[in-house]
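Chain by chain, the residues:
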Amino acid sequence: MRCEGDGIATALWPILGERVWDVRVVTALSAKKSRAFLLSVPEIDSPRRCPMVVKIYKDEGRAFREAEVLARLGSAGVPVPGVVGATPTVLLRRYVDGRVLRDLHWTPVLAEKLATWLHSCHVALGSAHAQDGTLIRTGLVGDMNLGNFVLDMAQADSRIVCGIDFGDTRPGDPLEDVGEGFMRIFSHRPGYTPARRECAVAFVREYGRLAGAEDRVWPEVERHAVEAFRKVAVWRGDPSMNDMAEAVGKMWRSMFL
Ligand SMILES: Nc1ncnc2c1ncn2[C@@H]1O[C@H](COP(=O)(O)OP(=O)(O)O)[C@@H](O)[C@H]1O
Ligand SMILES: [Mg+2]
């Protein structure tokens, strides 16, 4: 399928110019905040083609902001897809070959990989620990949905996690991401099992270890995890998540420490 339909060619024209006519749409991707498509794009002056993902937003400016964050993280060595180009509403990124964490078998090792990625991302966004152990807070990912992370297949021996979605990245407390990550892992279907709990705990523990502040991280993550369950109850219109928020708050010390 060529890309004349869906306004994709028009969207890509400012980024790819004439190359637009050789772009093929491989498939539409399931996206919540944008329209996203997997594309096959010809390289410049080469017969090779390259898989890329285009995200088309309704609101102006969002694609530029996301491209800026990707460029900043990429230049700091944080695993993220390379940016090919952006306009105020369109973002073209390289495709990361792998599976999203939502579709993988979860183990504590996978949870630690996500924590490693998240910590490196926070450091690059400017959040860090001062000498006295206090957190200097500047930036967070803002959406820890497990569909926003890919286990990169290109890294054959030590597959690493790559973050792909920075549409909600904003200034704020990075431990909000850790609390939301805890909620996402613990509630990931089949949720609330001992195996899920083990993964969620491994995630927070590894993040705390990397931040050099495990003792400080736990109580703050509890607060953010409870808040994350409450937010999801509203988004999904699912009051049972409010019950979980209460249960997690009550059981935190005995279950997770
Ligand atoms: N660069 C990429 N590499 C691999 N998969 C991607 C990439 N970008 C997007 N995807 C896939 O498309 C989906 C939607 O992309 P995402 O950036 O999360 O959009 P949204 O902001 O709308 O949530 C992801 O869950 C993932 O499955
Ligand atoms: Mg997403």
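Calculation notes
- Position numbers for residues start from 1 in each chain and track the written sequence from start to end.
- Chain letters and ligand numbers both follow the written order, the letters beginning at A and the numbers at 1.
- Totals for whole chains, interfaces and linings use every residue, but because this is a predicted model, local features are given only for residues with pLDDT of at least 70 and side-chain atom pairs only at 80 or more, for both listing and counting.
- Water and hydrogen atoms play no part in the side-chain values, which are based on all heavy atoms of the structure.
- It suffices for a single heavy atom of a residue to lie within 4 Å of a molecule or strand for the residue to be listed as near it.
- As used in this structure description, the phrase polar contact means that two N or O atoms lie within 3.5 Å; if the pair is within protein, one of them must be able to donate a hydrogen and the other to accept it, and residues adjacent in sequence are counted only when both atoms belong to side chains.
- Areas reported as accessible are Shrake-Rupley estimates using a 1.4 Å probe. Residue values count occlusion only from the protein chains shown.
- For cavity detection a 1 Å grid was placed over the protein atoms alone, and a set of points counts as a cavity when a 1.4 Å probe fits there but cannot get out; an open set counts as a pocket when protein lies on both sides within 12 Å along at least five of seven lines, with lining residues being those that have an atom within 4 Å of a point.
- To qualify as sitting in a cavity or pocket, a molecule needs more than half of its atoms within 2 Å of the grid points.
- Where each domain starts and ends comes from a domain assignment, either automatic or drawn from a database.
- Grid points are joined across faces, edges and corners, and a volume is the space filled by probe spheres set on the points.
- Going along the chain from the N terminus, every DSSP run of H or I of four or more residues is numbered as a helix, and every run of E of two or more is numbered as a strand.
- The nonpolar class holds Ala, Val, Leu, Ile, Met, Phe, Trp, Tyr, Cys and Pro. Asp, Glu, Lys and Arg form the charged class, and all remaining residues, Gly among them, are polar.
- Three labels apply to residues, based on accessible area from a 1.4 Å probe with only protein chains included: buried if under 20% of the type maximum, exposed if over 50%, partly exposed otherwise in between.
- A pair of strands is considered paired only if DSSP assigns at least 2 bridges between the two.
- Listed donor atoms are N, O and S within 2.8 Å of the metal (Na, K and Ca: 3.2 Å). As water is not included, a site may look incomplete.

Peer 1: What's the story with the site of ligand 1 in this structure? I'm lost.
Peer 2: Inspection of the region around ligand 1 gives 18 residues, with Lys-55, Arg-93, Arg-94, Val-96 and Gly-147 positioned closest. Interatomic distance of 3.0 Å between a side-chain N/O atom of Asp-165 and an oxygen atom of ligand 1. In the complex, the protein chains occlude 92% of the 550 Å² of accessible area that ligand 1 would expose alone. For ligand 1, the cavity whose grid points lie within 2 Å of the majority of its atoms is the largest pocket. Shared between two domains, the shell around ligand 1 takes at least three residues from each, and those domains are domain 1 (5–94) and domain 2 (99–256).

Peer 1: Hey, could you run me through the layout of surface pockets in this one?
Peer 2: Over the atoms a probe the size of a water molecule is rolled, and this reveals where empty space is left. Put simply, the largest pocket is a space of about 1,200 Å³. If you go around the largest pocket, you meet 40 residues; those closest to its centre are Arg-102, Asn-145, Leu-146, Gly-147 and Asn-148. If you list the elements that add at least two residues to the lining of the largest pocket, you get strand 3 (49–56), strand 5 (90–94), strand 6 (98–100), helix 4 (175–187) and helix 6 (214–236). In terms of residue class, the lining of the largest pocket is built from 16 nonpolar, nine polar and 15 charged.

Peer 1: Sorry if this is basic, but what is going on with the pairing of strand 5 here?
Peer 2: Residues in a regular strand project their side chains so that they alternate between the two faces of the sheet. The buried fraction of strand 5 amounts to four of the five residues, a majority that puts the element mostly inside the structure. Sheet analysis places strand 3 next to strand 5, joined by five bridges and oriented antiparallel. Bridge pairing links Lys-55 to Leu-91 in strand 5. Sheet analysis places strand 4 (residues 83–86) next to strand 5, joined by three bridges and oriented antiparallel.

Peer 1: Please clarify how the coordination of the magnesium ion (ligand 2) should be interpreted in this entry.
Peer 2: Put simply, the ideal angle at a metal is 109.5 degrees for four donors in tetrahedral geometry and 90 or 180 degrees for six donors in octahedral geometry. Around the magnesium ion (ligand 2), the protein contributes the donor atoms Asn-148 (OD1) and Asp-165 (OD), at 2.2 Å from the metal centre. Here Asn-148, found in the loop between strand 9 (139–140) and strand 10 (149–152), pairs with Asp-165, found in the loop between strand 11 (161–163) and strand 12 (170–171); they are 17 residues apart in sequence, far enough to count as distant. Looking at Asp-165, the relative accessible area reads 8%, which means it is buried.

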